[in-house]
Amino acid sequence: AQLHDLAVRAGLKYFGTALREGAINSDSQYAAILGDNREFGQLVPENGQKWESTQRTRGQFTFTQGDITTNTARQNGQGVRCHTLTWHSQLPSWVRDGSWTKATLTEVMETHINNVMGHYIGQCYAWDVVNEAINDDGNWRDSVFLSTFGTEYIPLSFQLAKAADPNTKLYYNDYNLEYNGAKTDRAVELVQLVKAAGAPIDGVGFQGHLIVGSTPGRSNLATTLRRFTALGVEVAYTELDIRHSSLPASASAQVTQGNDFANVVGSCLDVTGCVGVTVWSFTDKYSWIPETFDGQGDALIYDANFNKKAAWTSISSVL
Ligand code: XIL
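No experiment lies behind these values; they were computed from the predicted model shown.

Scoring rules and cut-offs
- Residues numbered from 1 in each chain as written.
- Predicted model: local features only at pLDDT ≥ 70, side-chain atom pairs only at ≥ 80, totals over all residues.
- Axes fitted to C-alpha atoms, helices over the stretch in contact; angles between N-to-C directions.
- Helix = DSSP H or I, 4+ residues; strand = E, 2+ residues; numbered from the N terminus.
- Parallel < 35°, antiparallel > 145°, perpendicular 65-115°, else oblique.
- Left-handed = near helix turned anticlockwise from the far one by under 90°.
- Contact = placed C-beta atoms within 7 Å.
- Nonpolar A, V, L, I, M, F, W, Y, C, P; charged D, E, K, R; others polar.
- Buried ≥ 20, exposed ≤ 12 C-beta atoms within 10 Å, placed from the backbone.

Colleague: A description of the packing of helix 10 (residues 218-229) against helix 11 (residues 251-270) should follow, citing residues and the corresponding values.
Modeller: Two quantities define a packed helix pair, namely the angle between the helix axes and the distance between the axes. The interhelical angle for the contact between helix 10 and helix 11, taken along N-to-C directions, is 45°, at an axis separation of 8 Å. Here helix 10 lies oblique to helix 11, going by the angle between them. Judged by the sense of rotation from one axis to the other, the crossing of helix 10 with helix 11 is right-handed. Of the residues in helix 11, those in contact with R218, L221, A222 and L225 of helix 10 are N263, V264, G266, S267 and D270. For the contact of helix 10 with helix 11, a count of residues per class yields 4 nonpolar, 3 polar and 2 charged.

This is the structure:
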């Protein structure tokens with residue numbers, strides 16, 4: 001059986017994948033696997049809905065890249081996670097380097113959120129409203145948003161998102177929350193801070209950009225997820241990949257990778273309120289890892305020739 005079907009039978013809402021906009025029209029093998037709704041029940045645009053893709057120039061909205069994912073999902077009967085609104089990265093320089101007051105930046109955020117969420121209204125199971133607001137050491141991440149507002153920009157983003165689309169789930173999304181350290185503590189505080197401000201938050205996304213051999217075990221991962229579900233929000237793994245820190249990967253490293261994937265997926269099964277798992281692309285042919293982490297890679301569940309890896313088999317066995 002295939003991963004989304006197995007995931008649903010095991011009690012999750014979906015097993016999904018990121019869609020790489022540049023590959024879908026040029027690579028028919030890629031398109032065929034990605035479009036199989038029993039393998040992937042949900043898609044997320046890898047880049048197409050980000051600020052630099054949707055409003056690179058002030059006041060000019062472009063949805064061609066983002067629409068690739070929603071159109072593909074519609075054709076194939078798949079759901080969509082939407083990604084992302086308030087983020088320091090892939091943010092056009094007119095926003096990043098602008099000199100703003102709270103009032104003028106609020107207006108910019110409101111216009112952006114209204115237009116982008118408005119365009120996709122009714123199509124997104126969830127939106128990553130705020131992405132990566134915390135440093136690995138647990139401090140608030142520096143950005144034009146933090147320097148203009150302090151942490152107020154976080155509840156503000158959720159409030160604006162709720163007004164733009166009242167029927168989608170509103171998520172905070174970040175990486176390295178899986179290790180349950182200072183960054184995780186701060187993310188717990190973030191959820192509390194949003195709620196204390198009277199703003200809505202429905203979920204926390206664990207990106208899950210992990211490393212073979214350094215991935216926490218299943219019960220530790222589940223304990224960490226429960227810190228958030230205890231606050232009344234759902235959780236999900238939103239960008240899962242588990243990279244080899246050196247290549248080529250040995251046969252034993254590939255087995256370890258499979259166990260690590262099974263632990264992550266298994267932890268979601270163990271936690272009431274963990275709704276699903278999304279891999280950050282599915283084939284080693286198209287992955288941000290080697291582009292970003294020099295010398296690392298092979299982080300996904302199909303190899304670069306679209307063969308299922310040990311990781312695929314481990315996930316299917318745990319589901
Ligand atoms: C990455 C994409 O995969 C790359 O193609 C792009 O060049 C940079 O962004 N956290 C996120 C994702 O929330 O949006 C990032 O995606 C990976 C890290």
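Back to the write-up after that little detour.
Colleague: So what's going on with the environment of L6? Which residues, and what values?
Modeller: Along the chain, L6 turns up in helix 1 (residues 3-9). Along the chain, L6 and R56 lie 50 residues apart, while their C-alpha atoms are 40 Å from each other. Those residues in contact with L6, other than ones at most four positions away along the chain, are A1, S316 and L319.

Colleague: For unusual backbone geometry, give the residues involved together with the corresponding values.
Modeller: The residue after H83, namely T84, is reached through a cis peptide bond having omega 0°. Within the secondary structure layout, T84 lies in strand 3 (residues 79-86). In this structure, P248 follows L247 across a cis peptide bond, with omega equal to 0°. Mapping P248 onto the fold places it in the loop between strand 8 (234-243) and helix 11. Of note in this structure, S281 is not a glycine but carries a positive phi near 85°. Position of S281 relative to the elements: it lies in the loop between strand 9 (274-279) and helix 12 (289-292). Take S281: there are 26 C-beta atoms within 10 Å of it, and that puts it in the buried class. A positive phi angle, near 65°, is found at F306, a position not held by glycine. Along the chain, F306 turns up in the loop between helix 12 and helix 13 (310-318).

Everything listed is a geometric property; what it means functionally is a separate question.
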